[in-house]
Amino acid sequence: MGKRVNIGIFIGAEDKDIAAWFNLLTRNKLSHAKWIRALLASYALEKKLAIGTIDQDAANQLNHPDIGKQGDSSRKLRYGWAVRGPNKEFVVGSTINIGLTKDEIFPVLDEIWANGHKRATFIKALIRENLQYADQDIPPKAEDRQAIWAKYLVFANSKPLDRSDSSSKPQSDASERVEPAVDNPQPIQRENPCQKPIEQPGHEATVGSDFQSLPPQPSSSGAETTNTSPKTWNPLLDQI
């Protein structure tokens, strides 16, 4: 199971507009958590989000259920998750629980907390900043919420990597290293152990010697020859 952050939003005497907005979402079967998440995303993007319109006169009627009852008016009013109006709506004294489970939004919550703000108070301020007031209730559109969330996902996943540290770069493989260029490269002569020695007249070949560069050897009679190039043996001459 992933991480979950629970935020309790208390509805005080000055928060009737907040209660009216949550009641608007409830009547239209809209998720509280999704719209709070979208509000946080719009704050990160520094953009406005259309979250609907509430009837201010109707919101002013969301009083605590104990107000107006017979008895001691100085007694302490109840508050909590169980405090609701006659139609189960949120009223003064209610506590609205918001459970956020998307990992992408947690950095925004951490930033709010690091700046010294209470999350519930900050969310109330975001609601008032984006909420519209009129003489009738108008629910928000799901398309607006989905659009801002899609933009936020692109923003959250597009942070560039720090490539200033050369140690973070992958090392090249040895097979990919480029040898330095050499002017007029000469072929490397290697002995071939499988090469048969070439016998020449008047010379007994020695294994391992360079047969192409041997100088001509004198004949066995001791007479010097004027032709310094080795004789070429022709088998047809023996038949004459």
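Summary of the structure given here.

Rules of the game
Residues numbered from 1 in each chain as written. Predicted model: local features only at pLDDT ≥ 70, side-chain atom pairs only at ≥ 80, totals over all residues. Heavy atoms only, no water. Helix = DSSP H or I, 4+ residues; strand = E, 2+ residues; numbered from the N terminus. Buried < 20%, exposed > 50% of the residue type's maximum accessible area, 1.4 Å probe, protein only. Areas by Shrake-Rupley, 256 points an atom, 1.4 Å probe, with all protein chains shown as cover. Core = buried A, V, L, I, M, F, W, Y, C linked by side-chain atoms within 4.5 Å. Contact = heavy atoms within 4.5 Å. Salt bridge = Lys/Arg side-chain N within 4 Å of Asp/Glu carboxyl O. Axes fitted to C-alpha atoms, helices over the stretch in contact; angles between N-to-C directions. Parallel < 35°, antiparallel > 145°, perpendicular 65-115°, else oblique. Nonpolar A, V, L, I, M, F, W, Y, C, P; charged D, E, K, R; others polar. Polar contact = N/O pair within 3.5 Å; in protein donor to acceptor, adjacent residues only side chain to side chain. Phe/Tyr/Trp six-rings, centres within 6.5 Å; stacked < 30°, edge-to-face > 60°. Lys NZ or Arg CZ within 6 Å of the ring centre and 35° of its normal.

**Overview of the overall build of the protein**
Phase 1: Check the secondary structure of the protein and you find six helices and four strands.
Phase 2: For the protein, the α and β elements follow one another from N to C terminus as β-α-α-β-α-β-α-α-β-α.
Phase 3: Put simply, the protein has 240 residues, and 30% of those count as buried.
Phase 4: When the accessible area of the protein is evaluated, it comes to approximately 18000 Å², of which 51% is carbon and sulfur surface.

**Side note on the nonpolar core**
Phase 1: Core analysis: the largest hydrophobic core is formed by 44 residues, its most contacted members being Trp21, Phe22, Ile36, Leu40 and Ile127.
Phase 2: If you list the elements that add at least two residues to this core, you get strand E1 (5-10), helix H1 (16-27), helix H2 (32-45), strand E3 (95-100), helix H4 (106-114), helix H5 (119-130) and helix H6 (142-156).
Phase 3: Ranked by residues supplied to this core, first place goes to H2 with eight residues.
Phase 4: In contact with Ile127, other than residues within four places in its own chain, are Ile18, Trp21, Phe22, Ile36, Leu39 and Ile51.

**Quick look at the pattern of salt bridges**
When the charged atoms of two side chains with opposite charge come close together, those side chains can pair.
Phase 1: Within the structure shown, the criterion is met by six salt bridges.
Phase 2: With its nearest N and O atoms 2.8 Å apart, the salt bridge here joins Asp137 to Arg27. With Asp137 in the loop between strand E4 (132-134) and H6 and Arg27 in helix H1, this pair connects stretches of sequence that are 110 residues apart.
Phase 3: Accessibility expressed as a relative area gives 33% for Asp137, which makes it partly exposed.
Phase 4: Here Asp110 ties to Arg119 by a salt bridge, and the two come within 4.0 Å at their closest N and O atoms.
Phase 5: Overlapping salt bridges, with partners in common, bring together Asp15, Asp17, Lys124 and Arg128 in one network.

**Examining the packing of H1 against H2**
Phase 1: Look at H1 against H2: their axes get within 10 Å of each other, and the N-to-C directions meet at 125°. Judged by the inter-axis angle, H1 sits oblique to H2. Every residue of H2 that contacts H1 at Trp21, Phe22, Leu25 and Thr26 is listed here: His32, Trp35, Ile36 and Leu39.
Phase 2: For the contact of H1 with H2, a count of residues per class yields six nonpolar, two polar and no charged.

**A closer look at the environment of Asn6**
Phase 1: Tracing the sequence through the fold places Asn6 in strand E1.
Phase 2: Separated by 95 residues in the primary sequence, Asn6 and Thr101 have C-alpha atoms spaced 8.9 Å apart.
Phase 3: In contact with Asn6, not counting residues within four places along its chain, are Asn97, Ile98 and Gly99.
Phase 4: Of note is the side chain of Asn6, whose polar atom sits 2.9 Å from the side chain of Arg4.

**Examining the packing of aromatic side chains**
Phase 1: Throughout the structure, instances matching the rule amount to five aromatic pairs.
Phase 2: Ring centres of Trp21 and Phe22 lie 5.0 Å apart, and the angle between their planes is 65°; this geometry places the pair in the edge-to-face category. Neither residue differs from the other here; Trp21 and Phe22 are each classed as buried.
Phase 3: Taken together through their ring pairs, the aromatic side chains of Trp21, Phe22 and Phe90 make up a single cluster.
Phase 4: One cation-aromatic arrangement involves Lys3 over Phe106; the distance from NZ or CZ to the ring centre is 4.9 Å.
Phase 5: Over the ring of Trp35 we find Arg145; its NZ or CZ atom is 6.0 Å from the centre of that ring.

**Here we look at the environment of Lys88**
Phase 1: Within the element layout of this structure, Lys88 appears in the loop between helix H3 (56-59) and E3.
Phase 2: Lys88 gets classed as exposed once you look at its relative accessible area, which sits at 64%.
Phase 3: As for Lys88 and Asn23, which are separated by 65 residues in sequence, their C-alpha atoms are 9.4 Å apart.

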